[in-house]
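One letter stands for each residue in the lines below.
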Amino acid sequence: MKVTLERTELLKSLTHVHRVVERRNTIPILSNVMLQAEGGNLKLKATDLDLEVVESIAAMVETPGGTTVPAHMIYEIVRKLPDGSQVVLETSGDDSTMEIRAGRSRFALQILPVTDFPDLTAGEFTHSFTMTAGGIRKLINSTQFAISTEETRYYLNGIYMHSLDIGEGLRFRAVATDGHRLAQAELEAPEGSEGMPGIIVPRKTVGEIQKLLDDPEVEIKVEISETKIRFTIGDIILTSKLIDGTFPDYERVIPKGNDKELRVDRDAFKEAVDRVSTIASDRGRAVKMSLSEGKIVLTVTNPDSGSATEEVAVEYDNEEFEIGFNSKYLLDIAAQLEADSALFTLADSGSPTLVRDEGSDEALYVLMPMRV
Amino acid sequence: MAPEATTPLKALCRDCTRRFRADLTRCPKCGSPRILAHAELDTLEIAHIDCDAFYASVEKRENPELADRPVIVGGGQRGVVSAACYIARIYGVRSAMPMFKALDACPDAVVIKPRMELYSQVGRQIREEMEKLTPLVEPLSIDEAFLDLSGTQKLHGATPAELLVQFVNKIQTELGLSVSVGLAPNKFLAKIASDLDKPRGFSVIGDAEKKEFLAKQPTSVIWGVGKVFQAKLERDGIKTIGQLQLKDPTDLARKYGAMGLRLAKLCQGEDDRHVSSNRGAKSISGETTFNTDVSDVTQLSKSLWALTEKVSYRTKKAEKSGRSVTLKLKTADFKTITRSRMLHDPTQLADKIFRTADDLLHNVADGKMRFRLIGVGIGDLGPADQADPEDLLDEQAEKRAKAERAMDALRGKFKDSSVVSLGRSIKSPSKR
């Protein structure tokens, strides 16, 4: 194999694919990135056996062929090469090393045969549709923070995506929860998504897609089967296994009968929570919220450090009561809100509370209270 | 230390706490030969108190028929000796000796399965008595502790030595147990002193003789010098602390690193560690060795549940909660496997600990691999008040938690109880 290409192009592509490669691997070839030169292209591929990213970039191919080299190493090398240089990749005659040449720099990397490189066979996709990068990013950004890290409930370690008819047309919905808070965001369902199976997209995959979304206007092709999902973003194809599990019946969790409404200026609320939770330990201590007509009082008490209190003006005219929330969870949600005013719908101090943007149903958040 | 009646020493009767001149060999009041005499008797303030053959002594107290018989406390066919009474020790039985060896040495011994619940209860009683002497009690284990008695003389109207003698007698009469005491200028020497004439010992090491005393001791009396390090020192020609005393501290530090620095100080009898009472537990755990190796996952799971219940019980009792769960397994060929998992929230519930540990177990045990030991523990301990928040998704979890708390309440009521969780026919922790 011998190819010549722009350092900038190569670096950009390596940046995309090398992240998939785990730093520590028991199987040596999983540390490598596959390079395949053919026609006018160099194809790069990396995988961790659950997730695979393939990208094709333009290159001058002198001798077609393929090889695999350590992913993080080639990424570091190319990153350090001078901007604007031409890079030559060439395998040695005995197929034991690959040379990287640029200007006066010369590297020889040990290679492993391309035939050993695993392939995440995608199989047949049953559903195919397109969404904008902006739309996907919105779904991810609104829900990602609530993904659980608890290994015992592995089926919560991702974002649940499905399409459903809520009466006013088909919606495409993303949900994530860790049992303490739940985040739900939805869009108008793209054509082709009707009848798709409910899927759980793993956390790592979610993070990788998020990093590949640049221009919000770009159309992204999404293909889905029972076990896999594929995103095609320009020249990049990301294929991932899905979490093999059943996502809980989350709609049951979303409170329907909460009757006490509270409206608060989002920024004022966010800043107040941020200030009082300075006192809380990093473990996420409870913020006590005392509701009364026209105001809430936020209090944090930490036996190890002291206490903090702040009053925030709100629209509220229901009965007085107190409710506690994990300060970190409250901040996470406050960070997601987009409208100027946030709407809290509460029942009592022991029941889940609903939070959303005033005047919008596109995203909603459920928060389990804490004992205070 | 043996009293040397040369200069006018101060002496104290260990039976009636009478003070007298130190040139007498018996108490002028009660005639007891058990006297304590030392020049620094009234100025030393750091004590180490250690119960004598604690588990075995408690068992003898509980069953007076055992008084004159060799008693070994320890578990099962494959267990080790947890404690041996002084009669058993005459036959050569030692702590941590495999049970079969112990029984070879002393075939007539009465072997008793450890009753940890009882021992810790007695241990707590002793600790309470210690805490009446000073708030600065640093427990080292269930039956031993360091005490800093400085500044307590005015309060009690007695010197630390007098106070300790009263304490020993009180434990003997009220709890029926004997303890050994070491009184010294620091923790290191106090610990060595308490070991000097066990059982029922009371030894004093003062500043005046500490260096000379240590010089004769082997290096192994230094805390932190184990078999391996001792062998290393011996290769370098150091057998006694006396030889260490002659070394240059810088050389020791260069040769043995941080440990060398410690050696340099300790060999001179200097130890500036404080007695601190807030050495909270870092983890709560339990483990069991099987009589025969087990490979069956269901059976492993069952043992795990029993252990989990104990761990949970102790966690609740200590009003703690843990954020990490660790599973420990020892394979038939003595390899130790541990697997840990962080929880989302701290817990004290057996249900939650078990679910996590059992999941870890199923990742390791394949039904073929044989294990001789299983253990479970929780770590990263914190207070109980933030533990086990309600879960949005798992309504059953709250029900199970309520059921567990209800059973705990019943267990509390009936003490030794037959309250057993449904479907998991395990003996309650206190029933044997």
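Computed from a predicted structure; not experimentally measured.

## Description of the overall build of chain A
So, step 1. Secondary structure summary: chain A contains 6 helices and 25 strands in total.
So, step 2. In chain A, buried positions account for 55% of the 372 residues.
So, step 3. In chain A, 68% of the contacts between residues at least 6 apart in sequence involve partners at least 24 apart.
So, step 4. Carbon and sulfur atoms provide 45% of the accessible area of chain A, an area that totals close to 16,700 Å².

## Topic: the sheet that holds strand β13 (residues 320-331) of chain B
Residue and element names in this part refer to chain B.
So, step 1. The antiparallel open sheet is built from 4 strands, whose spatial order is β12-β15-β13-β14. Edge positions in the sheet fall to β12 (283-294) and β14 (336-347), since each of these pairs with one other strand and no more. Geometrically, the sheet is characterised by an average inter-axis angle of 15° between neighbouring strands, direction not taken into account.
So, step 2. Pairing of β13 with strand β15 (residues 371-383) involves 11 bridges; the strand directions are antiparallel.

## What about the interface of chain A and chain B?
So, step 1. Contacts between chain A and chain B engage 25 residues on the former and 19 residues on the latter.
So, step 2. Both sides together, the interface formed by chain A and chain B hides about 1,900 Å², and carbon and sulfur atoms give 48% of it.
So, step 3. Seen at the junction of chain A and chain B, the total is 2 salt bridges.
So, step 4. The partner of Arg-153 of chain A in a salt bridge is Asp-391 of chain B, and the shortest N-O contact between them spans 2.5 Å.
So, step 5. At the surface where chain A touches chain B, the tally comes to 8 residue pairs in polar contact (both at pLDDT 80 or more).
So, step 6. Residues of the side of chain A that touches chain B, tallied by class, amount to 10 nonpolar, 6 polar and 9 charged.

## Considering the packing of aromatic side chains
So, step 1. The full count for this structure, using the stated rule, is 12 aromatic pairs over all chains.
So, step 2. Note on Phe-269 of chain A and Phe-344 of chain A: the rings are 5.1 Å apart at their centroids and 65° apart in plane angle, and the pair reads as edge-to-face. Note that Phe-269 of chain A is positioned in helix α5 (residues 266-276) and Phe-344 of chain A in strand β23 (residues 341-346), a separation of 75 residues in sequence. Of the two residues, Phe-269 of chain A and Phe-344 of chain A, neither departs from the other in class, the shared state being buried.
So, step 3. One aromatic cluster is present, built from ring pairs that chain together Tyr-160, Phe-247 and Tyr-250 of chain A.
So, step 4. Directly above the ring of Phe-321 of chain A sits Lys-260 of chain A, whose terminal nitrogen or CZ lies 5.5 Å from the centroid.
So, step 5. Over the ring of Tyr-86 of chain B we find Arg-89 of chain B; its NZ or CZ atom is 4.5 Å from the centre of that ring.

## Points about the sheet that holds strand β6 (residues 81-84) of chain B
Residue and element names in this part refer to chain B.
So, step 1. Read from one edge of the open sheet, 3 strands run β6-β5-β7, paired in mixed fashion. Looking along the sheet, the strands with just one partner apiece sit at the ends: β6 and β7 (110-112). Within the sheet, the average angular offset between the axes of one strand and its neighbour, ignoring direction, is 25°.
So, step 2. Bridging between strand β5 (residues 71-74) and β7 involves 3 bridges; their strand directions are parallel. Considered in β7, the bridge of Val-73 is made with Ile-112.

## Side note on a negative patch on the surface
So, step 1. Together, Asp-214, Asp-215, Glu-217 and Glu-219 of chain A give the surface a local cluster of negative charge.
So, step 2. Within the fold, Glu-217 of chain A resides in the loop between α4 (203-212) and β15 (219-224).

## Brief notes about unusual backbone geometry
All names here are of chain B.
So, step 1. The linkage connecting Lys-198 with the following residue, Pro-199, adopts the cis geometry, with an omega of -10°.
So, step 2. Mapped onto the elements of the fold, Pro-199 is located in the loop between α7 (187-194) and β11 (202-204).
So, step 3. Residues other than glycine seldom take positive phi values, yet Ala-96 does so here, at roughly 70°.
So, step 4. By the secondary structure assignment, Ala-96 is in the loop between α2 (86-90) and α3 (99-105).

## Things to note about the confidence of the model for chain A
So, step 1. Here chain A shows a mean pLDDT of 92. Residues at 70 or above account for 99%.
So, step 2. The lowest-confidence element of chain A is helix α6 (residues 327-336) of chain A, averaging 89 in pLDDT; the highest-confidence one is strand β14 (residues 199-202) of chain A, averaging 97.

## Describing the pairing of β15 of chain B
Residues and elements named next belong to chain B.
So, step 1. Burial within β15 is extensive, with 11 of its 13 residues counted as buried.
So, step 2. Judged from the 8 bridges that link them, β12 and β15 form a sheet pairing that is antiparallel. Directly across from Gly-286, in β15, lies its bridge partner Val-376.

## Here's the deal with helix α1 (residues 7-18) of chain A
So, step 1. End to end, α1 of chain A covers 15 Å across 12 residues, agreeing with the expected 16 Å (1.5 Å per residue, within 8%).
So, step 2. Arg-7, Leu-10, Leu-11, Ser-13, Leu-14, His-16, Val-17 and His-18 of chain A are the residues of α1 of chain A that are buried.

## Focus on the packing of helix α9 (residues 227-235) of chain B against helix α11 (residues 249-266) of chain B
Residues and elements named next belong to chain B.
So, step 1. Across the interface, α9 lies against α11 with an axial gap of 13 Å and an inter-helix angle of 80°. As summarised for this structure, α9 and α11 are arranged roughly perpendicular, according to the angle between their axes. Mapping the contact onto sequence places Phe-229, Lys-232 and Leu-233 in α9 and Tyr-256, Met-259 and Leu-263 in α11.
So, step 2. The class makeup of the residues in the contact of α9 with α11 is 5 nonpolar, no polar and 1 charged.

## A closer look at the nonpolar core
Nonpolar side chains in soluble globular proteins generally cluster together in the buried interior.
So, step 1. The biggest cluster of nonpolar side chains holds 98 residues, and the ones touching the most others in it are Leu-10, Leu-42, Ile-74, Leu-89 and Leu-262 of chain A.
So, step 2. For this core, the leading source of residues is helix α2 (residues 71-80) of chain A, giving 5 residues.
So, step 3. For Leu-42 of chain A, the contacting residues outside a window of four places in its chain are Val-3, Leu-5, Leu-10, Leu-35, Gln-36, Ala-37, Glu-55, Ser-56, Ile-57, Ala-59 and Leu-89 of chain A.
So, step 4. If you look at the next biggest cluster of nonpolar residues, it comprises 54 residues, including Phe-54, Met-99, Ala-109 and Met-130 of chain B.

## Side note on the side chain of Glu-150 of chain A
So, step 1. Relative to the helices and strands, Glu-150 of chain A resides in the loop between α3 (133-143) and β11 (158-165).
So, step 2. Dropping the residues within four chain positions of it, Glu-150 of chain A is found in contact with Asn-157 of chain A together with His-344 of chain B.

About the criteria used
Residues numbered from 1 in each chain as written. Chains lettered and ligands numbered in written order. Predicted model: local features only at pLDDT ≥ 70, side-chain atom pairs only at ≥ 80, totals over all residues. Heavy atoms only, no water. Helix = DSSP H or I, 4+ residues; strand = E, 2+ residues; numbered from the N terminus. Buried < 20%, exposed > 50% of the residue type's maximum accessible area, 1.4 Å probe, protein only. Contact = heavy atoms within 4.5 Å. Areas by Shrake-Rupley, 256 points an atom, 1.4 Å probe, with all protein chains shown as cover. Pairing = 2+ DSSP bridges. Axes fitted to C-alpha atoms, helices over the stretch in contact; angles between N-to-C directions. Buried area = accessible area lost by both parts, 1.4 Å probe. Salt bridge = Lys/Arg side-chain N within 4 Å of Asp/Glu carboxyl O. Polar contact = N/O pair within 3.5 Å; in protein donor to acceptor, adjacent residues only side chain to side chain. Nonpolar A, V, L, I, M, F, W, Y, C, P; charged D, E, K, R; others polar. Phe/Tyr/Trp six-rings, centres within 6.5 Å; stacked < 30°, edge-to-face > 60°. Lys NZ or Arg CZ within 6 Å of the ring centre and 35° of its normal. Patch = residues over 30% accessible without salt bridge, like charges linked within 9 Å, V, L, I, M, F, W, Y side chains within 5 Å. Lys, Arg positive; Asp, Glu negative; His and termini not counted. Charge placed at Lys NZ, Arg CZ, Asp CG, Glu CD. pLDDT = per-residue confidence, 0-100. Expected span 1.5 Å × (residues − 1). Parallel < 35°, antiparallel > 145°, perpendicular 65-115°, else oblique. Core = buried A, V, L, I, M, F, W, Y, C linked by side-chain atoms within 4.5 Å.

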